[in-house]
Structure formats: C-alpha cells, structure tokens
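Chain residues, written in single-letter form:
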Amino acid sequence: MNPDSQKAFEAWMDDHLEPAASEFGRYWYPLTVPTFGRDEIAAAMDCLVNYRTSMGALTREFETQFARYIGCHDAVMVNSGSSADLLLAYNLVNPLNPRLEAGDEVLVPAVTWPTQIWSPLMAGLKVTLVDVDPETLNVDFDDMRRRLTPKTKCVFAVHLMGNPIDMKLMKQFCEEHGLLLIEDCCESLGSKYDGNHVGNFGLGGSFSFFFSHHMTTMEGGMVTCHNEEDADALRVLRAHGWSRGLQTPTTGSQSGSANPSVVDDRYRFINWGFNLRPTELQAAFGLEQLKKLDGMNDRRRELAARFESYAESQSWFGSFETPVAGEASPFALPLLLKGDAVGSRTELLAHLEEAGVETRPVVTGNFARQPAASLLGPVDPTDYPGAEWVHEQGFYLGLSPMMDDLKIERLIRTLDEAYAAVVRPTQVRKVA
C-alpha cells in the first residue's frame, strides 16, 4: 500500500466534514457517503478566486498523474465516465484513422451501464449483447464464442462492480479471432489483473469520477491510451475537432495571415468532435482525491472482506468470484439470492428500504428487458439466462470508505432480520 496515500486518507478521516444526517433522508446506510472535504473544496475555491475555470494546466497535471498511477502512456480527462465511453467508441471510427467501419459488430455484456451500449451504437456500429456469468457478474466466455459472426470486430469489456475480468482469457479470445479490445473500468478503478491495472489491456479504457465512485470530481471521467497518436486523437475528439492542446502541434499561422488560404492555428479544426471538456475545478478535485485513492480503496477492501466473511456463512445469498490472478477494487456489495430466498427479492428489498438500507438493482439488470433494447433490433431476454438470473435475483448495497465498522455490523444484523422476516415465514407456511 502507498504510505503517502494511507497518511492522506487517515488525515482526512480525522478531519472530515461530517454530512448532515438529513442529507441521506431515511437511510442510515446509504449507497454512498461523501469522500471529499476541506482539501478538495479549497482547491476548487482557489480555481474560482483566480478565475481558472475552463480546462487548462490543472487538467493536464491531473491527466499526467492519473496516467502514472494506472501505468499507461497518457490519459485524457473528460466531463463524465459516459463521455469517456463515447470517446473510446468514436476513436474506433475516427475518419482520420478508422479501425472499424459502419455496421461492424461490437460485443457488449448484457448486464452493464447503458453508455457502453449507446456509445458504439451512436458511432454507427452494431451492438450484440453477450450473456454474463452470475458467479462473476462479468462476460460469459462460452456465450461470447456463440455470439461471434464474421462481422464481429471488437469487444467492449466491462469490469463490473470492481471485479476484474479474467484478462488472460479475454486477450486470448481477442487475439484468436482478430478482435479489437476496449475496456470500461468506470466501476473498477484500482482493480488489477496479473498486477496490472485494468484499462491497460486493450486500445484504451474509460474511468468515471462520479460522486459515488472510487474517487470523485463530482462529474468527470478519463480515457487511458497507450500511444501519442491516440492521445492526440482523443483530445481532438474531446474539443470540437480542434487542434488546440495537441501534444504534437500542427503547423500553420499563430497570429493569422493576409493569405486567406492559411488557417490561424488558434482556430484550426482538423476532425469532427464534441465538447466533452472538464473544468479546472474538477481537475483540482481529482488531484486531491488521487492522493487518497489507495487509502480509500484499501478501506473499501477491508469493509468488503468483513461483509464477504459474513456472506460465506449464509445459505440464502452469495457474492461474486474474482479470477485467481485478479485483484478486485470493490465498488459496492452485490448480492445474488440463492437457496430458499430465490424469488423473494421484491419483498427483501422492500424490507431493507423500510429498515433504512438503500438498495439498487445490479445496474441495468438484463438489458434485453429494458424498453430501450428495441433500438438494438430484435432481442429475446431469455437468450441470456445468466443476465436473467442477475436481473431477477441480484441487487447491491452501498460501500463507502467512510463507513465505520459499526455500520457494517448493523448492516449484517439488518440482513439477518430481513431474511428472518421475509423468507423464513414463507418456509414455515410451506411446511405447514
């Protein structure tokens, strides 16, 4: 563990700003608790009082430090993790260096956040859903083989809930079939496979800094990349197709020219693009949060391990498995009902919510059951039995490094009470 990160995290724990109890309404165990405090607020205020708000030097510094942390060549900050997914997808069809063509097929897991589906779809690619393994919450490799067609050109690997995919198998699969690989790591900052951070195994990876994620810039995201060409392409796509900010500048006129055929470099547009730029305030937040990231993630693992030891003793639910060479960076506490609790999810969640424990389904559940799945063409939800099981029997509870041990112990007691109140009476009635 990074001792500097641990020291920064412990200092924050000793001097954090306690949120008002009313902030979480009726929940004593909310999905998340703020991990920012005086340092982040002061850094953001410094940007404001010095009128440094638009993307600038702090953003570049945060990109550099984040890339160093992940171990990649470079990183490009954007305004959200969803925008990071968008840039990854559009860089595949970048007209200046197209890797894929319109209609090429991208494999995406059926249990995921929807931007991993919309991003390639909006880029003109075809999305094919792949089933997931309920034991890992990640892609089912056998089903991925079944979904292959001659049009399959890319896999969008999603490391769900902080659990890394078996990247040895994923790389072998992609190499065997000549497929490109991009990674969504929005819920998995700090997860590793074979000692390497996720986001380092394909063309690039997306990360999210949303309020509830491993670190926060309120809204914000990052794209990792592994060469200068992709870094520059992503920066152009991020900001209007503009050449400003390239690490390898174009040549032209800095101050304009009487010659109308010369384009002023200050407004030189070399490609298509969006406006997905972050602010300096977000970058200032990120620089402070990065100092504490290892400490916060270690605390997440500590709390998750305590919960896991409880889960292992239970017959009515289980949690996911991590590959042997993987190291999880828990995002939340996912549960899958089993045994006599199967079919009781609605009643259990109602009981937990009433008891003050905030709950959520496992992201989209089986995406094939979402109304917007019609945009993919005909999809039959029952073609994805693993995703169906997660959809019907899965949910998750919050996990924040700011939670104390007593809250985890109270959560465990509340789960025991929920099981006793909802499932056991049903079993008694069946026996009677």
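Preceding this section is the structure that the text describes.
Scoring rules and cut-offs
- Residues numbered from 1 in each chain as written.
- Predicted model: local features only at pLDDT ≥ 70, side-chain atom pairs only at ≥ 80, totals over all residues.
- Heavy atoms only, no water.
- Axes fitted to C-alpha atoms, helices over the stretch in contact; angles between N-to-C directions.
- Helix = DSSP H or I, 4+ residues; strand = E, 2+ residues; numbered from the N terminus.
- Parallel < 35°, antiparallel > 145°, perpendicular 65-115°, else oblique.
- Left-handed = near helix turned anticlockwise from the far one by under 90°.
- Contact = heavy atoms within 4.5 Å.
- Nonpolar A, V, L, I, M, F, W, Y, C, P; charged D, E, K, R; others polar.
- Buried < 20%, exposed > 50% of the residue type's maximum accessible area, 1.4 Å probe, protein only.
- Arc of directions from axis to C-beta.
- Pairing = 2+ DSSP bridges.
- Polar contact = N/O pair within 3.5 Å; in protein donor to acceptor, adjacent residues only side chain to side chain.

Asks: Please clarify how the packing of helix α3 (residues 57-70) against helix α9 (residues 280-312) should be interpreted in this entry.
Replies: One way to put it is that α3 packs onto α9 with a least axis distance of 7 Å and a crossing angle of 25°. One way to sum up the angle between α3 and α9 is to call them roughly parallel. Considering only the axes of α3 and α9, their crossing is left-handed. Between α3, through A57, L58, T59, E61, F62, Q65, F66 and Y69, and α9, the contact on the second element is made entirely by E280, A283, A284, G286, L287, L290, L293, D294 and N297. Residues of the contact of α3 with α9, tallied by class, amount to ten nonpolar, four polar and three charged.

Asks: What is the right way to read helix α10 (residues 345-354) from this model?
Replies: Residues three or four positions apart in an α-helix share a direction because the helix packs 3.6 residues into each turn. For α10, every residue scored as buried is listed here: R345, L348, L349, L352 and E353. When α10 is viewed along its axis, its buried side chains cluster within an angular range of 130° and face the same direction. Away from its buried face, by an angle of more than 90 degrees, α10 presents the exposed residues T346 and E354. Positive phi appears at G356, one or two residues downstream of α10, with a value of about 95°.

Asks: Is there a simple way to think about the pairing of strand β1 (residues 74-78) in this case?
Replies: Residues in a regular strand point their side chains to alternate faces of the sheet. With five of five residues buried, β1 is to be regarded as a mostly interior element. Along β1, one buried face is formed by D74, V76 and V78 and the opposite face, lined by A75 and M77, is buried too. Note that β1 and strand β9 (residues 221-225) share five bridges and pair antiparallel. Residue pairing for β9: V78 is matched across the bridge by G221.

Asks: Please explain helix α8 (residues 228-238) as it appears in this structure.
Replies: Of all the eleven residues making up α8, nine are buried; the element is thus mostly covered by neighbouring parts of the structure. Those residues of α8 that are buried lie in contact with α3, β1, α4 (81-92) and β9. Measuring from the backbone nitrogen of E229 back to the side-chain oxygen at the start of α8 gives 3.2 Å, which picks out N227 as the cap. At the exit of α8 stands H240, carrying a positive phi of roughly 70°.

So far we have only geometry, and geometry alone does not tell us how the molecule works.
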